[in-house]
Structure formats: structure tokens, C-alpha cells
Amino acid sequence: MKKINIALLAGDGIGPEIVAQAVKAVDAVAAKYGYDVNYTPALVGAAAIDAVGDPYPQATHEVCMASDAVLFGAIGDPRFDNMPNAKVRPEQGLLAMRKKLGLYANLRPVETFASLLHRSPLRADLVEGADFLCVRELTGGLYFGRPQGRSEDGCTAYDTCVYTREEIERICRLGFEYALKRRRKLTVVDKANVLATSRLWRETAQALATEYPDVEVEYMFVDNAAMKIIQQPRHFDVIVTENMFGDILTDEASVITGSLGLLPSASIGTHTSLFEPIHGSYPQAAGKNIANPIATVLSAAMMFEYAFADMEAGAAIRRAVDLAIERDIVTEDIAPAGVKASSTTEAGDFIAANIA
Ligand code: IPM
Ligand code: MG
């Protein structure tokens, strides 16, 4: 028996429902591959603001630090979206968590499912076979740069984009390393024609490229990359980019696959790694048992692969997800016309049963 400790941070909106499905998948894997799993739930997001007035309480941080992996649901609550001057916001919890856990790299694989090609808003022949990995820097740039705020009269606002050579180098190195493990092609995305941080980014990547002669590197402006991801998604193997560009490009990339509800992610860095769907808290669906659990279940697959180096366990989860999609045991966002959509729990039960 391998003992593992998982922190469960369900968060807001559909978070609790989708994390519950991932837990079923983890339990099924644990039974099959000999894990003894200890879950520790902890508060985060609006749920934590309501309970203790802090979106990432110290107690939650301690649970994360003491765990082998964090399984995360979603953060965000519409109550705060219309309160631009709220003192604390749920999203601050996510940012604080990333920073305190040192999660500087967010890995977002974009893969298509053959049987879902018809769901993509893009032509199937463009999308078929698209398979790339976005490596998004997660603890720098505009999200964390200071100063940030308003002038005294309230009429001017500012954010600051800051990157050090060291921050750029460690994320680009990861990009090169993943490219080596894949098809050996790296696209460095920046806006070096305008931004000073992007010029440092490009300079640093170019210097690093000399250490990786086997990787074909290209440099692409972010606006061009946004276009190319839609026009020619198969062009990409590994993309490495800064925080905000990565945020935007990965939401864009997710629609290629047919639903935002399909894409998982892993955040890795200095302390405990974290696994979460790339979608948000989808408050309109909260409590309705309709949200797609696949992105979170696949995040659990990434957890076994990245945190526990168990590719077999990850593959078992992936196979069960593939089967659910093949057999149309899927939620309404991806259910084919004329097929009755499954609920979140039905889809989760089917996946867990087929891991066992
Ligand atoms: C994401 C989300 C977050 C981000 C929000 C909720 C702060 O959009 O993980 O992509 O911008 O990083
Ligand atoms: Mg985002």
C-alpha cells in the first residue's frame, strides 16, 4: 500500500460537485493500484471568505503544505464580480495559493477527442490530431507586479508587469524539457515588439536555446499566436508564455476541443503540486448536477502522473474517460443531439466504475 495525502479544495460554484467525481475516480484507482488515500478537505475562495473572511486561510495553506498533492475545484462567485471595490475577492485566494505554494508553472495540455470533433466550433479537419501543451508562467507578470492600484483621485489605475531573468529562465527551461519529451518543438510566445518584459523573455529564451540544440524553437507574438491556434492548431507542440498571455490563450485553446469542461491542468513548482480544471466555478450550474466532471477527473489523472509518477494509474483514468465519451455517458455540454445527457454524478459514476 502506498500512502498518499491529498488536500481537497473544492471551492466555489460547481467545485464541490466536480471534485466529488474526481474523488470517486481516485478511489477507484486507489483500490486497483494499491494506494491508501487520506483526504483532507480545506476551505478556499468565496466559501472561505464566508466562513473565515479570508479566501486562502492559513489553515488551508498548512493542509496543502502537509499534503502530497492538492486537488482543486474552482474559485469565483458572481456576488463579487459586481463589487469592483470589494476588499477581499475569491480570486485573491487562488493567487495567494499559487504564490505561497511556489506554483510557478501551469501545464495545460490541449488534446482533442476523436469522437468530439463535431463539437468543436472549428472545422473537424483543422482540429483533428491537435495536441499541444501550454506551459504558462503562473506567479509573475501582471498578476503579481507592484505597484498596482489607483491614483488618489481614483481616476487613474495601473498594473505593473514584472519579470526577472531567473523567473523567465526556469519556466522556459521547463518548456524546453517538455519539448524534448514530446515532438521537440517549442513556441515562445511574447510581445517583444512592444513590451520590455517580453524582450527580456525572448533574450533569455534565446540564450537557453543554445543548451537545447535538439529542440526547434520559434518566437511568436501573442496576437499572431492567438490567430494561429485557431487557424492551424496542429502547428503547435509546446507553447511557453507569461502569465496573462497563457491565461487568455488557454481559454481560447480549450474551445478547439469542443468544451471548456474537458481541459485539466497541473500547477507545479517549489512545494505541493496542484491539479485543477482550467474552467471556472460556473455559478449558473452550481447545485444542478449538470456540470462536466471530465476536466477535474483528468486533473486527477495528471495528479497520478505528475505527483506520483504513476503513468499506469493516470492511463486507467484516461481510458475510462475515453469510454464515457465514446458511449455518450456525458453531460449536456458535450452530449450529441438526440442523446439524453447524463448528470454530473452519472458521468462520474460511469468513469469510476470503468476504472475498477
Ligand atoms: C485561470 C483563471 C484564474 C486566472 C482566475 C480565476 C484568477 O482564469 O486559472 O485560468 O486568471 O489565472
Ligand atoms: Mg483563465
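Structure's up top.
Below: a short report on this structure. Only a predicted model underlies this, so the values are computations on that prediction, with no experimental measurement involved.

1. Concerning helix α7 (residues 165-181)
- For α7, spanning 17 residues, the distance from its first C-alpha to its last is 24 Å, which sits close to the expected 24 Å at 1.5 Å a residue.
- Looking only at α7, the buried set comprises E167, I168, I171, C172, L174, G175, F176, Y178 and A179.

2. With respect to the packing of aromatic side chains
- Evaluation of the coordinates by the stated rule reveals seven aromatic pairs.
- Seen from their ring centres, Y35 and F308 are 6.3 Å apart, and the 50° between their planes marks the pair as tilted. Here Y35 is found in strand β2 (residues 35-41), whereas its partner F308 is found in the loop between α11 (294-306) and α12 (311-326), with 273 residues between them in sequence. Side by side, Y35 and F308 carry an identical accessibility label, which is buried.
- Ring geometry for F304 against F308: centres 5.8 Å apart, planes inclined by 55°, an arrangement best described as tilted.

3. Digging into the site of ligand 1
- Residues in close proximity to ligand 1 include E91, L94, R98, R108, R136, Y143 and D247, which together make up its full environment.
- R108 places a polar side-chain atom, nitrogen or oxygen, 3.0 Å from an oxygen atom of ligand 1.
- Look at ligand 1: alone it shows 320 Å² of surface, and the protein chains cover 77% of it.
- When its residues are assigned to classes, the shell around ligand 1 shows two nonpolar, no polar and five charged.

4. Digging into the sheet that holds strand β5 (residues 131-137)
- Taken in spatial order, the 10 strands make up an open sheet running β2-β1-β3-β12-β11-β4-β5-β10-β8-β9, and their pairing is mixed. Taken across any chain shown, the strands that pair with only one partner, and hence form the sheet edges, are β2 and β9 (216-221). Adjacent strand axes in the sheet meet at a mean angle of 25° when their direction is disregarded.
- In the sheet, strand β8 (residues 185-190) pairs with β9 via six bridges, with the strands oriented parallel. The residue bridging K185 from the neighbouring strand is E216, located in β9.
- Contacts between helix α3 (residues 58-65) and the sheet are confined to β1 (2-11), β2 and β3 (69-74), with β1 contributing the most and set at about 150° to the helix.

5. Quick word on the nonpolar core
- F304, I317, V321 and I355 are the most contacted members of the largest nonpolar core, which totals 45 residues.
- At the level of elements, β1, α1 (15-33), β2, β3, α11, α12 and α13 (344-355) are the ones that each hand at least two residues to this core.
- Once residues within four sequence positions are removed from consideration, F304 is found in contact with I4, V26, V29, Y35, A309, D310, A313, G314 and I317.
- If you look at the next biggest cluster of nonpolar residues, it comprises 25 residues, including Y104, A105, L107 and V135.

6. Examining the pairing of strand β10 (residues 238-241)
- Residues V238 and V240 line one face of β10 and the alternating positions I239 and T241 line the opposite face, and both faces are buried.
- With four bridges joining them, β5 and β10 adopt parallel strand pairing. Looking at the pairing, C134 lines up with I239 of β10.
- Note that β8 and β10 share four bridges and pair parallel. Across the sheet, the residue bridging to T187 is I239, located in β10.

7. Focus: the packing of helix α9 (residues 222-231) against helix α10 (residues 243-256)
- Two numbers describe how α9 lies on α10: the axes approach to 9 Å, and their chain directions differ by 10°. As far as their axial angle goes, α10 and α9 are roughly parallel. Relative to α10, the crossing made by α9 is right-handed. Along its contact with α9, which presents V222, A225, A226, I229 and I230, the element α10 presents F245, L249, E252, A253 and I256.
- Each residue belonging to the contact of α9 with α10 can be placed in one class, and the counts come to nine nonpolar, no polar and one charged.

8. Brief notes about the environment of C155
- Within the secondary structure, C155 sits in the loop between β6 (149-150) and β7 (157-158).
- For the pair C155 and G13, spaced 142 residues apart in the sequence, the C-alpha separation amounts to 33 Å.

Criteria and thresholds
Residues numbered from 1 in each chain as written. Chains lettered and ligands numbered in written order. Predicted model: local features only at pLDDT ≥ 70, side-chain atom pairs only at ≥ 80, totals over all residues. Heavy atoms only, no water. Helix = DSSP H or I, 4+ residues; strand = E, 2+ residues; numbered from the N terminus. Expected span 1.5 Å × (residues − 1). Buried < 20%, exposed > 50% of the residue type's maximum accessible area, 1.4 Å probe, protein only. Phe/Tyr/Trp six-rings, centres within 6.5 Å; stacked < 30°, edge-to-face > 60°. Near = heavy atom within 4 Å. Polar contact = N/O pair within 3.5 Å; in protein donor to acceptor, adjacent residues only side chain to side chain. Areas by Shrake-Rupley, 256 points an atom, 1.4 Å probe, with all protein chains shown as cover. Nonpolar A, V, L, I, M, F, W, Y, C, P; charged D, E, K, R; others polar. Pairing = 2+ DSSP bridges. Axes fitted to C-alpha atoms, helices over the stretch in contact; angles between N-to-C directions. Contact = heavy atoms within 4.5 Å. Core = buried A, V, L, I, M, F, W, Y, C linked by side-chain atoms within 4.5 Å. Parallel < 35°, antiparallel > 145°, perpendicular 65-115°, else oblique. Left-handed = near helix turned anticlockwise from the far one by under 90°.

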